[in-house]
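# Working through the structure, step by step
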Amino acid sequence: MHEHRPGLGAISVLKARGTVDDSNARQFAEALAEHVGHAGQAAEHPLLDLTEVYFACAAAVRCLERATGPLARAGRALAVVQPRPHVREALSNAGLPGVRVHATLVSALHALHAPRQPHPAHPPADRETAGAEPGDPT
């Protein structure tokens, strides 16, 4: 999905569904790398919607690491929206500098408006995620 937001510019959202495991991690990595690359060429803000995704292996996290490495080296990050609690935990434990987890699309878009600051190795969860209850699908 591609759209233009006033005051923010163009955004590109990749919505993933299903389980990422050893059988399809490569396809996930390719789609994600293409999404991030296209967004960079088109001067769009890339977002990844993980609302309907289950990570079933470490390969899924490595896919994100490979695809977001160039963003991290450029001082940017991929906004990851609404990962399920176990996915959010896996991303937090991995400490990927090229990934920023957000509880909602609204919070991700709000963060894009905020001034850019250096990204710590282990980014804190946004306020909405930090307040989520265990088992809360936000």
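Computed from a predicted model, the values in this text were never measured in an experiment. (Residues numbered from 1 in each chain as written. Predicted model: local features only at pLDDT ≥ 70, side-chain atom pairs only at ≥ 80, totals over all residues. Heavy atoms only, no water.)

## Notes on the nonpolar core
Membership of the largest hydrophobic core comes to 26 residues, with the highest contact counts inside it found for Phe 28, Leu 50, Phe 55, Leu 64 and Leu 91. Elements with a minimum of two residues in this core: strand E2 (9-20), helix H1 (25-41), strand E3 (45-55), helix H2 (58-73), strand E4 (78-81), helix H3 (85-94) and strand E5 (99-102). Considering every element that reaches this core, the biggest residue donor is H2, with 7 residues. With near-sequence residues (within four places) excluded, Leu 64 lies in contact with Phe 28, Leu 32, Leu 48, Phe 55, Leu 78, Leu 91 and Leu 96. Counting 7 residues, the second-largest nonpolar core is a separate cluster that includes Val 13, Ala 79, Val 81 and Ala 108. (Core = buried A, V, L, I, M, F, W, Y, C linked by side-chain atoms within 4.5 Å. Buried < 20%, exposed > 50% of the residue type's maximum accessible area, 1.4 Å probe, protein only. Helix = DSSP H or I, 4+ residues; strand = E, 2+ residues; numbered from the N terminus. Contact = heavy atoms within 4.5 Å.)

## A word on the confidence of the model for the chain
Summarising the model, the chain shows a mean pLDDT of 78, and 76% of its residues fall at 70 or more. Overall, residues 117-138 carries pLDDT values under 50, and its contacts beyond four positions in sequence, including any with other chains, amount to 33 contacts. (pLDDT = per-residue confidence, 0-100.)

## Details of the packing of H1 against H2
Across the interface, H1 lies against H2 with an axial gap of 9 Å and an inter-helix angle of 20°. The orientation of H1 relative to H2 falls into the category roughly parallel. Seen along the crossing, H1 lies across H2 with a hand that is right-handed. Residues Ala 25, Phe 28, Ala 29, Leu 32, Ala 33 and Val 36 of H1 touch H2, and the partners they reach there are Ala 59, Ala 60, Cys 63, Leu 64, Arg 66, Ala 67 and Leu 71. The residue makeup of the contact of H1 with H2, split by class, is 12 nonpolar, no polar and 1 charged. (Axes fitted to C-alpha atoms, helices over the stretch in contact; angles between N-to-C directions. Parallel < 35°, antiparallel > 145°, perpendicular 65-115°, else oblique. Left-handed = near helix turned anticlockwise from the far one by under 90°. Nonpolar A, V, L, I, M, F, W, Y, C, P; charged D, E, K, R; others polar.)

## Considering H3
Within the sequence span of H3, burial applies to Val 87, Arg 88 and Leu 91. Projected onto a plane normal to the axis of H3, the buried residues spread over an arc of 100° and lie on a single side. Seen from the buried face of H3, the exposed residues on the opposite side, beyond 90 degrees, are Glu 89 and Asn 93. Just past H3, the residue Gly 95 takes up positive phi, approximately 60°. (Arc of directions from axis to C-beta.)

## Quick notes on the side chain of His 35
If you trace the backbone, His 35 turns up in helix H1. A polar contact of 3.0 Å, which involves the side chain of His 35, links it to the backbone oxygen of Leu 47. With near-sequence residues (within four places) excluded, His 35 lies in contact with Ser 12, Val 13, Leu 14, Pro 46 and Leu 47. (Polar contact = N/O pair within 3.5 Å; in protein donor to acceptor, adjacent residues only side chain to side chain.)

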